[in-house]
Amino acid sequence: NFSILYHHIWIQELYIYIMMRLAYKSFLALSAITSTAAFSSSSNAGRIHVVSPRSTSMALGSTVLQPPPRTVQVGIEEEKDTTADIQTVIRQDPPKAGEVAKMLPKDTFDVDTLSSLFYFAVDFVAVAATMGFLNEVVHSELYHSAPVLLQGMMVAPLQVLTGFAMWCMWCVGHDAGHSVVSKNKKINRFVGEMSHSMICLTPFIPWAKSHKKHHLGHNHLTKDYSHQWFVREEKDDLHPLIKLSYWTRNLQLPILYFVYLVTGVPDGGHVFFYGKMWEGASEEDKKDGLISVATSIATAATLWLNLGLEDFTVVCMVPWLVMSFWLFMVTYLQHHSEDGKIYTDDTFTFERGAFETVDRNYGTWVNRLSHHMMDGHVVHHLFFEKVPHYRLEEATKALRKGLEENGQSHFYKYIETPDFTQEIVKQFNENWFFVNEKQVVRE
């Protein structure tokens, strides 16, 4: 597998180079979070301030190629109203998954266990090396003799590096959750428990359960998981606790994944089994999920007891927060765009939801080290249990080519996002989980 080896040549050097850039971006993001939190605190005291959807859009940048000329849209008259424009495009349904499959290379659906385990091994070594080095620094005499501020400066780049390595490992576990690490269920389970439950402290089976529901209901107004949708025009009717969540949104940004896993908002608990994701679940499903929960708790407890609370926080939990920031950032930006549409029971189809997913370019090597989680997400949503991550890049190229040949390029969403840390802070502050009513396709 020379192509696989090619993608990981000089990986340690690339990690160092990329982390220097990511540390700078993280600093900018932290500065932006601080300023936007202060701004929101002062401007939103006692009320929700939302700019009128008529006067401003989600402002996420250009996302799609231009639709075909109006002459192609037979029987549809020109409309000045933007709502009518959205409805015009909707009436042309995107291609079915079966049609898209014919556009892709034959090996797109080939799951190669050795390739998957290679990536797992590389990311495992990356996490072990970066976290191990961070732990050595934290236990050094130089670190303990330094002032607190200098200690923070010594470990911050390593925490960013370790957190990014954990994020890359999380992406491999993501494949395991979709059963595309291997066709062998035991191998998928092993990789999932190791990468998610142990390394990323994310109970694998509960996460896989809710994540599958997300894929089955992507961009559905009420049935989507992981992404809670609120209509701006209905903001005054929201529960007081949800309004509070909006007012404090910028303070929550670094810990949203923790809140999601532990409190079960909005899908249901991933540590404590309650909420909508567990409705109708069998006792066997819950027992299976408990294995993952016990693995995560045992891992965290072992590290805590051996390192002590302070070092456990510095060496493990701060990198975990970096990982969770990556996860939330990538997930949020994949599913939010200014021309994105949300569907109801009357209008939802699997393909419509899948083509509302956005491919984003974070930079060639960030994309590759993240296993094309960002720039291959449309194909992933179309074939989430069939295509492993190392097939996504070529499959996405083929998808774009096939759509272009069929005059359907306008269905594909793509955004250049080099300043991703600033982008997530900006968009989450401006839009939170709101969509405009005109983006909801009801009939």
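Just so we're clear, the structure is a prediction, and the values are computed from it rather than from any experiment.

Thresholds applied
- Residues numbered from 1 in each chain as written.
- Predicted model: local features only at pLDDT ≥ 70, side-chain atom pairs only at ≥ 80, totals over all residues.
- Heavy atoms only, no water.
- Core = buried A, V, L, I, M, F, W, Y, C linked by side-chain atoms within 4.5 Å.
- Buried < 20%, exposed > 50% of the residue type's maximum accessible area, 1.4 Å probe, protein only.
- Contact = heavy atoms within 4.5 Å.
- Salt bridge = Lys/Arg side-chain N within 4 Å of Asp/Glu carboxyl O.
- Helix = DSSP H or I, 4+ residues; strand = E, 2+ residues; numbered from the N terminus.
- Arc of directions from axis to C-beta.
- Axes fitted to C-alpha atoms, helices over the stretch in contact; angles between N-to-C directions.
- Parallel < 35°, antiparallel > 145°, perpendicular 65-115°, else oblique.
- Nonpolar A, V, L, I, M, F, W, Y, C, P; charged D, E, K, R; others polar.
- Phe/Tyr/Trp six-rings, centres within 6.5 Å; stacked < 30°, edge-to-face > 60°.

Asks: Hey, could you run me through the nonpolar core in this one?
Replies: Nonpolar side chains in soluble globular proteins generally cluster together in the buried interior. Formed by 71 residues in total, the largest nonpolar core has its most connected members in Trp 167, Trp 170, Tyr 257, Trp 326 and Tyr 362. Excluding residues within four positions of it along the chain, Tyr 362 makes contact with Trp 326, Met 329, Val 330, Leu 333, Asn 367, Met 374, Thr 417 and Phe 420. Residues Leu 104, Ala 354, Phe 355 and Val 379 belong to the second largest nonpolar core, which totals 18 residues.

Asks: Help me out: how do you make sense of the pattern of salt bridges in this one?
Replies: Two side chains carrying opposite charge are able to pair once their charged atoms lie near each other. Overall, the coordinates contain 13 salt bridges when judged by the stated rule. With a closest N to O distance of 3.8 Å, Asp 107 and Arg 391 form a salt bridge. With Asp 107 in the loop between helix H4 (97-101) and helix H5 (113-138) and Arg 391 in the loop between helix H17 (377-382) and helix H18 (392-405), the pair connects residues that are 284 residues apart, well separated along the chain. Assessed through its relative accessible area of 37%, Asp 107 is described here as partly exposed. Put simply, Glu 394 and Lys 397 hold a salt bridge, and the shortest N to O gap is 3.5 Å. Of this pair, Glu 394 and Lys 397 both sit in helix H18, three residues apart, roughly one helical turn. The class for Lys 397 is partly exposed, based on a relative accessible area of 49%.

Asks: For this particular structure, what's the right way to read helix H12 (residues 256-263)?
Replies: The α-helix winds at 3.6 residues per turn, so residues separated by three or four positions along the chain end up facing the same way. Among the residues making up H12, those that are buried are Leu 256, Tyr 257, Tyr 260 and Leu 261. Down the axis, H12 shows its buried residues gathered within 130° of arc, on one side only. Each element contacted by the buried residues of H12 is listed here: helix H7 (148-177), helix H9 (204-216), helix H11 (249-252), helix H14 (309-334) and helix H19 (420-431). In the stretch just after H12, Gly 264 is the one whose phi turns positive, near 80°.

Asks: Got a minute to help me understand the packing of H12 against H14 in this structure?
Replies: The geometry of a pair of packed helices is captured by two quantities: the angle between their axes and the separation between those axes. Where H12 contacts H14, the axes come no closer than 8 Å and their chain directions differ by 90°. One way to sum up the angle between H12 and H14 is to call them roughly perpendicular. Together, Leu 256, Tyr 257, Phe 258 and Leu 261 of H12 and Trp 320, Met 323, Ser 324, Leu 327 and Phe 328 of H14 make up the contact between the two elements. When the residues that make up the contact of H12 with H14 are grouped by side-chain class, the tally is eight nonpolar, one polar and no charged.

Asks: Where do I start with the packing of aromatic side chains in this structure?
Replies: What describes a pair of aromatic rings is the distance from one ring centre to the other and the angle between the planes of the rings. Scanning the model with the defined rule gives 31 aromatic pairs in all. When the centroid spacing of 5.3 Å and the interplanar angle of 80° are considered together, the rings of Phe 109 and Phe 383 count as edge-to-face. Taken as a pair, Phe 109 in the loop between H4 and H5 and Phe 383 in the loop between H17 and H18 lie far apart in primary sequence, 274 residues in all. Using a relative accessible area of 26% as the deciding quantity, one classes Phe 109 as partly exposed. The exposure class of Phe 383 is buried, given its relative accessible area of 6%. Here the aromatic rings of Trp 304 and Phe 312 are separated by 5.8 Å at their centres, their planes lie at 10°, and the arrangement is stacked. Exposure remark for Trp 304: the relative accessible area of 44% places this residue in the partly exposed category. For Phe 312, a relative accessible area of 5% corresponds to the buried category.

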